[in-house]
Structure formats: C-alpha cells, structure tokens
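# Structural overview
Spelled out from the first residue to the last, the chains are:
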Amino acid sequence: MQATANDHPQVPLRAPDQVMRLNRMGAAFPTRLSFMRILMRALEAGDAKVSRPVWDIDAQGFGRAVYSVALGGHTYSLIAFATPLADDKRTDRVIAEAWDASFTLFDGIPTVADLDRLAQNLPRQEAGRFRASELILSRANKSMRLFAHVVERLATGQQPDADMLGATGYLMRTTAVYGNGKMGAADRARIADRPALSAPFQAEMLTVWLIRGFTHDLVEHVARAQSPDTAVLLSRAARRNLGIGNSTGLGMAPFLTNHAALLNNWMMARETALARVCAVARPTPGKIGHARRLLARARVHVGEWNVPDARQRTRIMTLRDELESLESVEWFADPHPWARLRTEAAGRSVECQELINALLLEPNGDLVDDLAETMADNTSAGVQPGMAPGEVRALLDANYGWALDVDFSREQASALFWYVSVDKLEPRLGRRAEDAGADRELPLDIARRVQALARDLDGAPPGQSLPAFLLAHPGHRYMLRRVQISAGHPFSEIHDNLIAEGCIPLDILRFKLAFFGASKFDPKSDLWTRITLYQGAPLFDEIGQGRADDWWLPVLEEF
Amino acid sequence: MRCSLNEIETSLRRASVGVGLPVGLAEEVAAAGRWLSGVGRDGPGAALVVLWLGAPDHAAPVETGARTVTLAAGQVALNGPAAIDFLLADDGMRIHLARVDAPLLLAGMVGVAAASHGREFLLELTGHASVRITGAGMTPPDAPMAGPCDAVLSCVAAGVPLTGGPTGGANVDDATWVEVQALAARTYVPETAQSRQGGAGAGLTDND
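Description of the structure in this document.

Parameters at a glance
Residues numbered from 1 in each chain as written. Chains lettered and ligands numbered in written order. Predicted model: local features only at pLDDT ≥ 70, side-chain atom pairs only at ≥ 80, totals over all residues. Heavy atoms only, no water. Contact = heavy atoms within 4.5 Å. Buried area = accessible area lost by both parts, 1.4 Å probe. Salt bridge = Lys/Arg side-chain N within 4 Å of Asp/Glu carboxyl O. Polar contact = N/O pair within 3.5 Å; in protein donor to acceptor, adjacent residues only side chain to side chain. Helix = DSSP H or I, 4+ residues; strand = E, 2+ residues; numbered from the N terminus. Nonpolar A, V, L, I, M, F, W, Y, C, P; charged D, E, K, R; others polar. Patch = residues over 30% accessible without salt bridge, like charges linked within 9 Å, V, L, I, M, F, W, Y side chains within 5 Å. Areas by Shrake-Rupley, 256 points an atom, 1.4 Å probe, with all protein chains shown as cover. Lys, Arg positive; Asp, Glu negative; His and termini not counted. Charge placed at Lys NZ, Arg CZ, Asp CG, Glu CD. Pairing = 2+ DSSP bridges. Axes fitted to C-alpha atoms, helices over the stretch in contact; angles between N-to-C directions. Parallel < 35°, antiparallel > 145°, perpendicular 65-115°, else oblique. Left-handed = near helix turned anticlockwise from the far one by under 90°. Buried < 20%, exposed > 50% of the residue type's maximum accessible area, 1.4 Å probe, protein only.

As a further point, take the interface of chain A and chain B. Contacts between the two partners involve 57 residues from chain A, matched on the other side by 54 residues from chain B. For the pair chain A and chain B, the summed buried surface comes to about 4300 Å²; carbon and sulfur atoms form 53% of the total. It is Arg93, Leu471 and Arg477 of chain A that lose the most area in chain A upon contact with chain B, and together they represent 17% of the buried surface on that side. The tally of links from chain A across to chain B stands at 5 salt bridges. Taken together, the links from chain A to chain B amount to 16 residue pairs in polar contact (both at pLDDT 80 or more). With 4 residues, helix α19 (residues 466–472) of chain A is the single largest residue contributor to the side of chain A that touches chain B. Across the side of chain A that touches chain B, the residue classes tally to 24 nonpolar, 12 polar and 21 charged.

Below, the structure written as structure tokens:
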C-alpha cells in the first residue's frame, strides 16, 4: 500500500504490460473519468443554462441555429447548419464532401456576419477556412430510417417506437469532431487553460452534447411543420434515450501514437483511480449498495447492447452470462468487497474484468474525481540529450520488452502499414504485400523502430555521448524521444505491434472512445465502429438538478 | 492566408518527411517553424529554405574541444538539433556551426528548446547582430538572419520560466503555403479503387 502525495492510499497500479495490450484496451468501458462525465460535472457545478438565440430552420428542416451556454466564465455557441443532402452523397467516410448538418463551437456569441461567413464555409468542412473564433468543427449525418420514423410518429401525435429508437439510439451521428487548429480554427492552446475546458476534449464533448439537443429540436420542428395541429414533442424519456451517434475510423490510431504523454496521462489517471478504490478495504454500506445497483443496471445495459458484428456479439453474450453469474455471488458480504468483486471478475472474460473495474470507480467520486485534472498534456517533450546511451538502452529493456520480443524475420510481423491517402487525407491501413504506398508509411511501426534503435545502441562506440549518437543516427531521433518519454510515463506506449498481421485497429478505437465516454460499441468491421455518445445523459434543462452524474452504462427509459 | 499554428506544424512535418527527412528531424523542423510563426516570423518560409535542399545525406563532421563543439558545414535540419543536443547536455558549452544554410530556422529550433527547457540562449551570427532567444521570443524580434553564415550558440541563463505557446495562429504567404502543401503531398498515397473500398471503414454510402 502506498500513500500518495495527496494522501490517498492506493494499492500498486496494474502493470503497463497488462493494461496497454490491445486485447484489454479493446475491452474498455467508460468510467466517471471519461471526458463526457467530466464535462457534465462541470456543467452541473456551474449550473450552466443553454439558450437558443437563433432558430432559422425551414419546414423541411434546413437552415441555421445557434445554442449558447456559459461555462467557466466564457460563453460558447454551437452554430448549426442543416442542409439538403442526396442519398448517394451520404457517407460517414472522411472522403465525404457533403453532410446533413455541419457545426462549429464558436468562442462567444456569433454576429450575423459570423453566421453568414460560416454558412459559406461550414457545410464545406475541409474545403472551407475558419478562424480562431471557431474552436471545434464537426459534421453529422442523419440516421435516415429513425429520423423519418420519429418525424412521422410525432407528426401524428405519437411517440416513436421504443424498440426502434433504442436499437439505433440517435437521430444523427457525427462523422468527425475536429479541434486544435484544423482548417484554420483555433489552436487548442487558446482554450487549454480555461476553466472547465482544460481536461482533454472538453470542447469537443461540449460540442457533441449541444448537437444532441439540436437533433431533438430539429426532429420536433420538422414534425410540427408537417402537422402543426397534431404534432407532439418528444417525451423526456425519449429525448434521454437519444444520444448522438458517431462513426469512428482509423484516425484515432495515429492520434494515440502521436500523443504518447497524453495517452499515459489518461491511463495513469484511470489506473490510479482504480488503485485508490482498491485500497479501501471496508467501503461504506452506501457505496456497496450503489455498486450493487450499478451491477444490476449494467446487466440491463448489456442486455440492450445488440450488434450484428459476430466477434462483438459473442463477447456480449459471454458478458451477459458472466454478469448473471455474478448475481449469485455475495461479494458485497465479503469483508473486502471490492477485492472480492475483482477476484470474481478475474476469472471471467476481459470485457467483464474491465466492466467491473469501471464500475468500481462509480461510487467513489470522492476518491477519484480530482484525477481529471491530471489527464491533459500541454507539454512538448524534446530529446533529453544529457542521458547516456546506456541509460536509453536500459529503458528499452525495462519498458519495451514487448517490442524486443517481436520476430521481424516473419513476414506476418510487418504485414500491415498505416498511411494517409491523397483522398481527403483519410488515414488508411494497407497490406504490405498487396498495396502500394508502404514507402510512405506512417511511423506506427514502434516495435520495429525499437529493435533498430537497440541494435545501433549496442553497436555504439563506448563512451559515445547521446548527442554524438543522434548525429550519427538521425533516424533514431523519433524513437529515442519516445523511449525517454516512457521513463516518466509508463503507459505511453501500446504494447503491441501495430503493423503485425492480426492487429485489430478496432481495439484502439474502442479504447479511445471509452475515454470519451462512449458506450454500445457497434463494430462494423475491424477498421471502424459506430458508437453512441450521451445516451441517458442529462438534457439541457436537467443541468443543475442533481442528476448530472448518474448515467454510467445507461438503460433505456420506458415511454 | 491565416493558418493555425497546428496546421503549420503538421504541414511542415509532412513536408519535411516528404523531402526525405527522418520523422524525428521532421518534427524538429516543424516545431521550429511553428515557434517562429508564433513569434511573428515566417516559419514556413524558414523551413522551406531547408526543405528545398532535401534530406541531409551525411552527418557533418564534429570536433569537440574542452568547452566547444564545432559542427562543420551541413544542413540545419541535421546540425540544428545536434547543436542544441550538445548544448543541452552541457550548458557551459559553446557550439560553433559553420555555414548555416538557414539561420532563421536554427533560431526557431533554439526557441523551441528554450521554451521546453527553460533556457535563454545567445545566437551569434557572423555578419548579423546577436540574438537572445527565450521560449517567449527573440531579441531583437525582427533580427535579420540571412544565410549562409557561421554561428555560435551558447546558453546564457537557466531556470527561465517555461512558457505557454501563442494562441492566435499566423499569416502565411499563399505561395509559400502552396509549396509546403506540395511537399507534404509527397507523403500521401495515391488513391486506388481497392484502397478506397477497403483501406478504411464505413461505407461509400451510409443511408441506414
């Protein structure tokens, strides 16, 4: 048991070689340290109120809208443009050129001139240009079947079919949410130190939450325009059941590789949280009761999680059985209930283990919520040239055993390569033996670079300084910097060979999306997934009512 | 055109890789270009001077003395990070660089190092006024830095407060930006029907 500087006892953290493996990362669940949860708590703490100063939408559901909210002493506005889109143009791919709706999170309250400027640029997305007043850029497509269904039902005075609504879970799905300076928009540094936006992706999460409300308003508006005499509004429960979908592709993999220290900080926070909770031998009856309720909720949530993908469906079915079997285990009566629950989970699937680990954080916000402040990374670590080459070599042995063990004499070890397509700069995954472009591959071949660095370090003249080594071997600068980052950031690397046959990018996607707070992962292939964000989350007018933090693994409400 | 600093850095990194620089050096060039843009200098233009030369094909000879390191004539893309490495390894060193091809980009690299290591550096350029560089900027801010020229780099202060970056983006000459994007495009893989269909997820239409 260790006592930390902030007086929270904790057990030893799980090892990076356990938690940074793709099979476990790909079984991640959202936690109370997920970015959407952090934002919701900030909105609640600020009693944030959302207004809608502009609603200029025609009867067909096209036009512009503005939503504004004050948070942390700043006002942010979601600007939305809904535009006609032919079915043959509707794709969730990066290569799309048109969308059902486009959005920006604007820094402040936009003027008419801002709106007119953005009307020309926002629907064009990557083909447009933006200013530092635009913090986030996004676009979304309708879930065509569900949107049409909900319009039809509301127009005739009825609520939508609950099963159909629950099966999809969203009226629109975003296909990109861009921050940090894309297309001329604001660099992250503009907002990195602002209250309530300093944790990772808070501006992005605020954007998506506001988009969710827009989709609710839009479908009601279209229904009312169709049948003003009979149309009704969505019930509150139906609104809560509707989140925002997202189609997530390969770009997340290069992101996590490019942001090693950030990746570490996310994992360090989550694992430290778990370690703090596990150090509590005798939780209060209230917390145990809370955990039991959450376990029951998780069973229902997983029961509602239905996907066509065979691999994930099998995992879900196994998880359902395992959660049912846990019902008969009186872990809560054990003198050390958290440890008992984890021991039970350890004998079950990785999905079950990670669900239980996420569950354990939920009743313990008092122990872990402060860790949200540690999850960002605003540093830019350069090479530390004072380190001796022998120290670097020792770090390779200590932190990169997983990479040193890869047998690159086998073709399967380098079967894949990551690259950027000339087509709208879409990240793609190629097969080295079949596809052109391996000469332009992205530097996700960490394991291969580790081995090359190790060879040259082993062959360096005795006593050579690190600056001299790097001058002689400039190609190792990138990997050497990463190795030095690993010294103080044990979770900075994915402990798997990302160019190997059998690497499933979906595991990386799910991991990052779980940190966003996504649930109901709906894999469509090994390369992309759909997810639902904010399903069950508070609505605009529910902020400040004390229920902003109890929607982990939400279940569909009846209506 | 107005660009974000992240756009500048990302594009310069790709352009640097596009001309053959290893990614680690590409990151140094890109970060330097970003830093220069943030302090009001022409970061992309400074980087292009180096990028036009392509990737260094050999390491410059280095001589080490008691408190000096001398890097023979070579490209800043390689010599710049090397010079800073030697200096950060020993604050008391004086680093001599012969025939620096892009002294402004070198200053950018020094600025990045100053920002992340909390240093103040002195960059002496033959034929030009000396420049003091911290993470926040250089003094004088608009010091002319035309190459090639010899340079001496030294550390004059440590413990300088670490600085956060500028936040407002920068103006980039349109022609310069076009050149940078053209070099960056060398890293993009041409489209094929197969890669379009199977190289990424989601369908070519999504109407469900």
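On the surface, Asp42, Asp173, Asp174 and Glu179 of chain B cluster together to form a negatively charged patch. With respect to the helices and strands, the residue Asp174 of chain B is situated in helix α6 (residues 174–184).

Residues and elements named next belong to chain B. The strand order across the open sheet formed by 7 strands is β2-β3-β4-β8-β5-β6-β7, and the pairing between neighbours is mixed. Whereas interior strands pair on both sides, the edge strands pair on one side only; in this sheet they are β2 (62–64) and β7 (137–139). Taking the axes of each pair of neighbouring strands and ignoring which way they run, one obtains an average angle of 20 degrees across the sheet. Pairing of strand β5 (residues 119–125) with strand β8 (residues 149–158) involves 7 bridges; the strand directions are antiparallel.

Glancing now at the packing of helix α11 (residues 285–303) of chain A against helix α14 (residues 350–361) of chain A. Residue and element names in this part refer to chain A. Between α11 and α14, the shortest axis-to-axis distance is 10 Å and the interhelical angle comes to 135 degrees. On the basis of the axis angle, α11 is oblique to α14. When you trace α11 past α14, the crossing you get is right-handed. Contact with α11, carried on its side by Ala291, Leu294, Leu295, Ala298 and Val302, involves Leu355, Ile356 and Leu359 of α14 and no other residues of that element. In the contact of α11 with α14, the residues fall into 8 nonpolar, no polar and no charged.

Checked against the element boundaries, Val420 of chain A lands in strand β10 (residues 416–421). We classify Val420 of chain A as buried; its relative accessible area is 8%. C-alpha of Val420 of chain A to C-alpha of Pro363 of chain A: the two residues are 57 residues apart in sequence and 43 Å apart in space. Leave out the neighbours within four places in its chain, and Val420 of chain A touches Leu425, Glu426 and Leu442 of chain A together with Thr187, Tyr188 and Val189 of chain B.

Residue and element names in this part refer to chain A. This model, assessed by the stated rule, comprises 67 salt bridges over all chains. A salt bridge links Asp549 to Arg37; its shortest N-O distance comes to 3.0 Å. Taken together, the residues Asp549 in the segment after β13 (529–533) and Arg37 in helix α3 (residues 35–45) connect sequence positions 512 residues apart. The exposure class of Asp549 is partly exposed, given its relative accessible area of 22%. You can call Arg37 buried: its relative accessible area is 3%. One salt bridge in this structure joins Asp107 and Arg194, with 2.7 Å as the shortest N-O distance.

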